[in-house]
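In case you want the letters, here they are:
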Amino acid sequence: MRPTRPWRISLVCIAHAAWALACASSQVGGTDADAMRYRLADSGSHWDIVGQDRVLDDLQPRYPDFFAVVLDPGRSDEPPTRRIRLHLEHAPVDRRNYDALNAVAMAYFELNYRGETSRGNADMGFVSAGFRTAKLAAIPWRAYGEIQDPNLRDAILDFFQDAGQGNKLGAQATAGRLSRIVASLAPKEPDPVRRARIEALATALARE
């Protein structure tokens, strides 16, 4: 029997290591291609995980200061959004745009729900949460006008549609607030199909 050459052993080891790394990546955060979309549409009433896609676990390490404010019920200060805004408006479009969009979406749903649960309280928590969620919704609204990429624009509309469907906890009560925000995107959209989607979505939100 001919002895196995050392370089062949090395290649086999490298191949096994690469395969294991790929499996680990698919289980934790997925590939860039998997992440370049709005990821919360099918998350049901919550917004931290979608099936096997642990969105919050994936994105929290990317924006630790942002989520430290968003996820702490004891804090009423504004979450730092500068890095989020820069990523969402980055050109050329890559994964960071979609990571920022999904991070904003999770923050929007979290703070919106927290505000709705304090609606009946005789304090400023409800009003404060309303201002904070409005500022978060303005981030993808602004990015829509800054970035011409059609896929990212579709993803931003997916977020507004998800927020308007009312499936997320607390979202149904506030869906109508998004109508004017969405309607104002129409003048920024030259594509007739996407503009029709905007107008239909704004009309549906107004009914809420």
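Residues numbered from 1 in each chain as written. Predicted model: local features only at pLDDT ≥ 70, side-chain atom pairs only at ≥ 80, totals over all residues. Heavy atoms only, no water.

Draft legend 1. The arrangement of the overall build of the protein in detail. Each helix and strand counted, the protein has 10 helices and 0 strands in total. Start at the N end of the protein and walk to the C end: the helices and strands fall as α-α-α-α-α-α-α-α-α-α. A buried classification covers 39% of the 208 residues belonging to the protein. Contacts spanning at least 24 positions in sequence make up 66% of the contacts within the protein whose residues lie at least 6 apart. Surface summary for the protein: the accessible area is close to 11,500 Å², and the carbon and sulfur share equals 56%. (Helix = DSSP H or I, 4+ residues; strand = E, 2+ residues; numbered from the N terminus. Buried < 20%, exposed > 50% of the residue type's maximum accessible area, 1.4 Å probe, protein only. Contact = heavy atoms within 4.5 Å. Areas by Shrake-Rupley, 256 points an atom, 1.4 Å probe, with all protein chains shown as cover.)

Draft legend 2. Examining the confidence of the model for the protein more closely. When pLDDT is averaged across the protein, the result is 82; 78% of the residues are at 70 or more. Looking across the protein, the model is least confident in helix 1 (residues 6-28), with a mean pLDDT of 39, and most confident in helix 5 (residues 82-88), with 97. Under a pLDDT of 50 for its full length, residues 1-29 has, in the predicted model, 5 contacts with residues more than four places off or in other chains. (pLDDT = per-residue confidence, 0-100.)

Draft legend 3. Region of interest: the packing of helix 6 (residues 95-117) against helix 8 (residues 150-165). Orientation of helix 6 relative to helix 8, taken along the N-to-C sense of each, is 10 degrees, at an axis distance of 11 Å. Relative to helix 8, the element helix 6 lies roughly parallel. Of helix 8, the residues touching helix 6 (which contributes Asn97, Tyr98, Leu101, Ala105, Tyr108 and Phe109) are Asn151, Leu152, Ala155, Ile156, Phe159, Asp162 and Ala163. Taken together, the residues of the contact of helix 6 with helix 8 sort by class into 10 nonpolar, 2 polar and 1 charged. (Axes fitted to C-alpha atoms, helices over the stretch in contact; angles between N-to-C directions. Parallel < 35°, antiparallel > 145°, perpendicular 65-115°, else oblique. Nonpolar A, V, L, I, M, F, W, Y, C, P; charged D, E, K, R; others polar.)

Draft legend 4. Examining the packing of helix 8 against helix 10 (residues 192-207) more closely. Between helix 8 and helix 10, whose axes approach to 11 Å, the crossing angle comes to 15 degrees. Considering the angle they form, helix 8 stands roughly parallel to helix 10. The interaxial crossing formed by helix 8 with helix 10 has left-handed handedness. Contacts between helix 8 and helix 10 involve Pro150, Arg153, Asp154, Leu157, Asp158, Phe160, Gln161 and Gly164 from the first element and Arg194, Arg197, Ile198, Leu201 and Leu205 from the second. Of the residues that constitute the contact of helix 8 with helix 10, the class distribution is 6 nonpolar, 2 polar and 5 charged. (Left-handed = near helix turned anticlockwise from the far one by under 90°.)

Draft legend 5. The arrangement of the side chain of Ser43 in detail. Relative to the elements of secondary structure, Ser43 occurs in the loop between helix 2 (32-35) and helix 3 (55-59). Only 2.9 Å separates the side chain of Ser43 from the backbone oxygen of Leu40, close enough to count as a polar contact. At 3.2 Å, the side chain of Ser43 and the side chain of Lys168 are in polar contact. When sequence neighbours within four positions are dropped, the list of residues in contact with Ser43 reads Ile49, Val50 and Lys168. (Polar contact = N/O pair within 3.5 Å; in protein donor to acceptor, adjacent residues only side chain to side chain.)

Draft legend 6. Just the packing of aromatic side chains, in detail. Applying the stated criterion to the full structure yields 8 aromatic pairs. Centroid distance Phe66 to Phe67: 5.3 Å. Interplanar angle 80 degrees. Geometry classified as edge-to-face. One exposure class covers both Phe66 and Phe67, and it is buried. An aromatic cluster of at least three residues, connected via ring pairs, comprises Tyr38, Trp47, Tyr108, Phe109, Tyr113, Phe159 and Phe160. (Phe/Tyr/Trp six-rings, centres within 6.5 Å; stacked < 30°, edge-to-face > 60°.)

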